[in-house]
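Coordinate analysis (summary)
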Amino acid sequence: MSGLLVVRPGPQSLLLDGGRRGWQHLGVSPGGPQDLHAAAWANRLLCNPPGTPLLEIALGDVELHSRVDTWLALTGADAPLSVDGRALPGWSRFAVRAGQRIRLGYARSGQRAYLAVAGGFRAAPLLGSVSTQLREGLGGLDGRGGKLAADDELPCGSAHFACAASVPWPYLPDYRAAPLLRVITGGDAVEFSEAALATFFEQSWQLSPQSDRMGARLQGEAVSAPQRQWSLGVARGAIQVPPDGQPIILQADRQTMGGYPILGWLHPLDQWRLAQCPAQQKLRFTQVSVSDAQAELREFYRFFNN
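My aim in this report is to walk through the structure given alongside it, one point at a time. Please read all numbers here as calculations on a predicted model, not as lab measurements. (Residues numbered from 1 in each chain as written. Predicted model: local features only at pLDDT ≥ 70, side-chain atom pairs only at ≥ 80, totals over all residues. Heavy atoms only, no water.)

What follows deals with the packing of helix 1 (residues 36-45) against helix 4 (residues 290-305). Relative orientation of the contacting elements helix 1 and helix 4 amounts to 20°, with a least axis distance of 10 Å. Taken together, the axes of helix 1 and helix 4 are roughly parallel relative to one another. Judged by the sense of rotation from one axis to the other, the crossing of helix 1 with helix 4 is left-handed. Across the interface between the two elements, Leu36, His37, Ala40, Trp41 and Arg44 from helix 1 touch Phe300, Tyr301, Phe303 and Phe304 from helix 4. (Axes fitted to C-alpha atoms, helices over the stretch in contact; angles between N-to-C directions. Helix = DSSP H or I, 4+ residues; strand = E, 2+ residues; numbered from the N terminus. Parallel < 35°, antiparallel > 145°, perpendicular 65-115°, else oblique. Left-handed = near helix turned anticlockwise from the far one by under 90°. Contact = heavy atoms within 4.5 Å.)

One open sheet accounts for six strands, arranged 2-3-10-5-8-12; its pairing is antiparallel. The sheet terminates laterally at strand 2 (12-16) and strand 12 (165-166), the two strands that pair on one side only. The sheet contact formed by strand 5 (residues 70-78) and strand 8 (residues 92-96) spans five bridges and is antiparallel. Within strand 8, the position partnered with Thr70 by the bridge is Val96. Across the sheet, helix 1 lies against strand 3 (54-58), strand 5, strand 8, strand 10 (109-117) and strand 12, angled at about 155° from strand 5, the strand it touches most. (Pairing = 2+ DSSP bridges.)

Let us now look at the environment of Leu138. Structurally, the position occupied by Leu138 is in the loop between strand 10 and strand 11 (153-155). Among the residues examined, Leu138 registers a relative accessible area of 14% and is labelled buried. Here the alpha-carbon distance between Leu138 and Leu127, two residues 11 residues apart in the chain, equals 8.8 Å. Discounting chain neighbours no more than four positions away, the residues touching Leu138 are Arg20, Val28, Leu126, Leu127, Ser131, Thr132, Gln133, Gly143, Arg144 and Gly145. (Buried < 20%, exposed > 50% of the residue type's maximum accessible area, 1.4 Å probe, protein only.)

For helix 4, spanning 16 residues, the distance from its first C-alpha to its last is 22 Å, which sits close to the expected 22 Å at 1.5 Å a residue. Taken together, the buried positions of helix 4 are Ala293, Leu297, Phe300 and Phe304. Along helix 4, the residues classed as buried sweep out an arc of 55° about the axis, all on the same side. As for helix 4, its buried residues are in contact with helix 1, strand 13 (180-185) and helix 3 (268-274). (Expected span 1.5 Å × (residues − 1). Arc of directions from axis to C-beta.)

This next bit is on the pattern of salt bridges. This model, assessed by the stated rule, comprises 14 salt bridges. A salt bridge links Arg213 to Glu56, with the nearest nitrogen and oxygen atoms 2.8 Å apart. With Arg213 in the loop between strand 14 (205-207) and strand 15 (215-219) and Glu56 in strand 3, the pair connects residues that are 157 residues apart, well separated along the chain. Assigned by exposure class, Arg213 and Glu56 land together as buried. Close ionic contact of Arg182 with Asp270 constitutes a salt bridge, the shortest N to O distance being 2.9 Å. You can see Arg182 sitting in strand 13 and its partner Asp270 sitting in helix 3, a full 88 residues away along the chain. (Salt bridge = Lys/Arg side-chain N within 4 Å of Asp/Glu carboxyl O.)

Attention now moves to the packing of aromatic side chains. Each aromatic ring pair is summarised here by two numbers: the centre-to-centre distance and the angle between the ring planes. Enumeration over the complete set of coordinates arrives at 12 aromatic pairs. With a centroid separation of 5.4 Å and 55° between ring planes, the pair formed by Trp41 and Tyr171 is classed as tilted. Taken together, the residues Trp41 in helix 1 and Tyr171 in the loop between strand 12 and strand 13 connect sequence positions 130 residues apart. Here Trp41 falls in the buried class, since its relative accessible area comes to 6%. An aromatic cluster is defined as three or more aromatic residues linked by ring pairs; in this entry it consists of Trp41, Tyr171, Trp272, Phe300, Tyr301, Phe303 and Phe304. Between Arg44 and the ring centre of Phe303, over which it is positioned, the NZ or CZ distance is 4.0 Å. (Phe/Tyr/Trp six-rings, centres within 6.5 Å; stacked < 30°, edge-to-face > 60°. Lys NZ or Arg CZ within 6 Å of the ring centre and 35° of its normal.)

This next bit is on the environment of Ala149. One can find Ala149 in the loop between strand 10 and strand 11. Remark: the alpha-carbon pair of Ala149 and Gly137, spanning 12 residues in sequence, is separated by 15 Å. Setting aside residues up to four positions removed in sequence, Ala149 forms contacts with Val6 and Pro9.

Next up on the list: the side chain of Asn43. Summarising the element assignment, Asn43 is placed in helix 1. For Asn43, the residues in contact, after removing those within four places along its chain, are Asn48, Pro49, Gly51, Thr52, Leu54 and Ala116.

Pasting the structure below:
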């Protein structure tokens, strides 16, 4: 089996698929892509099923050497892409031949790019998934949760398409725009005072540099939170408010239990937009109903599962 040789791995490049489902009762979170929207488009461009293994590349600065004739697709963060020095657009699929070099520069906007290959990258699954989870030490090429390193080889097969293709422009996100993120209030929200809820929704927050794949930390005027006496299961997008009043929005590699009170959940489609925000990004939040969020999520899954 040949594939792509890693010449330069970048700050953090991870092999991911749709996530590791069905193990939260043992403390293993599903993981998977931070930006499922961009990852879904990368696979769709290559006619791969949703959740086919691909790379999540944080910030860019990656170089790969192809040892196979195949097709790739790149979506997500706006980073300069070239094959043997020939510039190519993002959010598109393109052919590579054995011996060619694929280079991805540093991201100009957005934080994470997604590189897919026709048929998917191949690795042995662990607990039903190849997704890399750094905290648990699971998945990835070595099965131990390691990020990509120089001289790693990403196994994949050869493929052929008749022509290149790109994502239609109306579907392209603008990662430079200041996002207004939608929140489904719930959980412990009824225990928060009206003043505390107003503090959360009426101010501009700043995304902390201490954010990672486990949680996005907000910085701003503290939110007064009620006390909780026990821990409960938590889901991605949960907005926890610890005693210091600085909210944490749980991300793909979140823990499975939490004891901080929960103000609500970030709309799933906006979780993926948050994943592309840089440190110090200004964030504002607004409320959305459960029914509206469900309708939009159903539309998303219908589109990408057809």
